[in-house]
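Architecture and fold: a report
Listed below are the residues making up each chain.
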Amino acid sequence: MSRGLPKQKPIEGVNQVIVVASGKGGVGKSTTAVNLALALAANDSSKSIGLLDVDVYGPSVPKMMNLRGNPELSQNNLMKPLMNYGIACMSMGFLVGETAPVVWRGLLVMSAIEKLLRQVDWGQLDYLVVDMPPGTGDVQLSVSQNIPISGAVIVSTPQDIALTDAHKGAEMFRKVHVPVLGLVQNMSVFQCPKCKHKTHIFGADGARKLARTLDLDVLGDIPLHLNIRESSDNGQPIVFSQPESDEAKAYLRMAEEVVRRLPSPPE
Amino acid sequence: MEPAASPGNLSGVRHILLVLSGKGGVGKSTLCAQLALALRHEGKKVGVLDVDLCGPSVPRMLGAQGSAVHQCDSGWVPVYMDQEQSVALMSVGFLLEKPDEALVWRGPKKNALIQQFVSDVAWGELDFLVVDTPPGTSDEHLSVVEALRSHQPLGALLVTTPQAVAVGDVRRELTFCRKTGLRVVGVVENMSGFACPHCSECTNVFSTGGGEELARHAGVPFLGSVPLDPQLARSLEEGGDFMRDFPGSPAYPALAAIARKILDAAQAPGPG
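Computed from a prediction, not measured in an experiment: that's the story for all the values here.

1. Some details on the overall build of chain B
When its secondary structure is counted, chain B shows 9 helices and 12 strands. Whereas a compact globule of 272 residues would reach a radius of gyration of roughly 19 Å, chain B reaches 18 Å, a difference of no more than 12%. Overall size of chain B, expressed as C-alpha extent along the three principal axes, is 55 × 40 × 35 Å. Split into buried and exposed, the 272 residues of chain B put 62% on the buried side. As displayed, chain B has an accessible area near 10,600 Å², and 49% of this comes from carbon and sulfur atoms. Between the averaged position of the 22 positive side-chain charges in chain B and that of its 29 negative side-chain charges there is a distance of 5 Å.

This is the structure:
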């Protein structure tokens, strides 16, 4: 059953696609993607932003954006994204039950991704932030082969094990000719709320060293802070709920760095 | 010899334990490595099979990165951590030319390799085979559960971190186990709190209690909470033996207790 490679076709109405990826799980892709989307909106309120969660096995966006429920259909049978905090969101999590595992083999996953990419009524978006699953497999390949991607942001924690996987992630994007905008070093340092002592729980500055090796920029350095996780768990991401905090500001700066490195958008 | 199980490379393996999580980055590979070390220190012969093809972490964690894999009559010879051959490893990491090489494969090719890893590694006599998996409930998981089914695994160890997004994903994994008939030996909550080395104040960076609550809700044993421990993180980077060298470190008691519970579960009469 050989169909050949799918032809790359832009998503209608979407100007630029930014993917947030990593090789490794659990480094904070979803947290970064969610806060990046909110930060892009906060930095420039004239832009319309969408957030697409293609982590079909572990979709975190619904929880983090405090959204739940099945999408309605538009007049032309497209799924309408769910809105919160001014961001249009779509996720596998809206299509399956909360405890239902998606135990599908590759082909079914691919057709689900196809649906999430092509059958959503996004309207006009300046930026679509795509939260990718961990790894370098089917989903990443399908997304890269299906739609033009303006840039990829790779998230990593400082430890070597995460960095090796981040390196693989960056390499994968290069293989499929997706520009890598840079690395985000997440969970970089923990500051004890009581005595202010700083501990590098996951090692120090590994992502910066990797960035140098790969000739990439570090787009942001996000500390390991209770507030970030708490606000995500509560469905009120920190850029929205505590915009004056240092952590939120780190995300706002990161969003600025991302925009600076995007190719000029087609008009 | 049980007539039902196919003879071959897994016939000398007494107990097979799969380490699963719906969520990435919760510490599956770390748990696998520490369990292997802990069981070895209890005098057991252990194998670790790493079927995380996209992100094989186990070789590095056990100091075996860069080892070459050889063939023998029965198939692939596992990489041994030490002279006594008490810990045997197999991982796609050993087959890559460079450690940073990206394995960008689709499902069928991954499944084929997993089948080979299950049936073509000459494990010999082992007390435990611990299987490290990638996050999720995907092709790799279906393949490995199917391939291992006839060898009657002891069951699955589910790893989660305390926070809501992790627990949510692990709930899916529990359903996966139920649907595929895989017994859940227990749930481990990892990265459960961080004690400041300076003032000992414990901060629940990733929240607390989510794993225990999940276990209670699902009616499966809760095996313990492992705190964040920079020394453990360092040992993993360096491929050292944390269980031997750092018995005073915060994560040690919980990890040792989990290993003991696995031993108990293995000794208990089976469900069948």
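2. Overview of helix 1 (residues 29-43) of chain A
Three or four residues apart is the spacing at which side chains of an α-helix point the same way, because the helix has 3.6 residues per turn. Taking 1.5 Å as the rise per residue, helix 1 of chain A with 15 residues should run 21 Å; its terminal C-alpha atoms sit 20 Å apart, in good agreement. For helix 1 of chain A, the buried fraction is high: 13 of the 15 residues fall into the buried class.

3. A closer look at the pairing of strand 6 (residues 87-91) of chain B
All names here are of chain B. With 5 of its 5 residues buried, strand 6 lies for the most part within the structure. When strand 2 (residues 46-50) meets strand 6, the two strands line up parallel, connected through 5 bridges. Each bridged residue has a counterpart across the sheet, and for Asp 50 the counterpart in strand 6 is Ser 91. Where strand 5 (residues 79-80) meets strand 6, 2 bridges bridge the pair, whose relative direction is antiparallel.

4. Section: unusual backbone geometry
Across the chain, the bulk of peptide bonds are trans and the bulk of non-glycine residues have phi less than zero. We note that Tyr85(A) has phi near 55°; this positive angle belongs to a residue other than glycine. With respect to the helices and strands, the residue Tyr85(A) is situated in the loop between strand 3 (82-84) and strand 4 (87-91). Taking relative accessible area as the criterion, Tyr85(A) reaches 19% and is therefore assigned buried. Residue Ser200(B) is not a glycine yet carries a positive backbone phi of 65°. Judged by its relative accessible area of 54%, Ser200(B) falls in the exposed class.

5. A word on the nonpolar core
Side chains of nonpolar character tend, in soluble globular proteins, to be buried together. Membership of the largest hydrophobic core comes to 92 residues, with the highest contact counts inside it found for Leu51(A), Trp122(A) and Phe173(A). Top element by residues in this core is helix 1 of chain A. It accounts for 8 residues.

The rules behind each value
- Residues numbered from 1 in each chain as written.
- Chains lettered and ligands numbered in written order.
- Predicted model: local features only at pLDDT ≥ 70, side-chain atom pairs only at ≥ 80, totals over all residues.
- Heavy atoms only, no water.
- Helix = DSSP H or I, 4+ residues; strand = E, 2+ residues; numbered from the N terminus.
- Rg over C-alpha atoms; globule rule 2.2 N^0.38 Å.
- Buried < 20%, exposed > 50% of the residue type's maximum accessible area, 1.4 Å probe, protein only.
- Areas by Shrake-Rupley, 256 points an atom, 1.4 Å probe, with all protein chains shown as cover.
- Lys, Arg positive; Asp, Glu negative; His and termini not counted.
- Charge placed at Lys NZ, Arg CZ, Asp CG, Glu CD.
- Expected span 1.5 Å × (residues − 1).
- Pairing = 2+ DSSP bridges.
- Core = buried A, V, L, I, M, F, W, Y, C linked by side-chain atoms within 4.5 Å.

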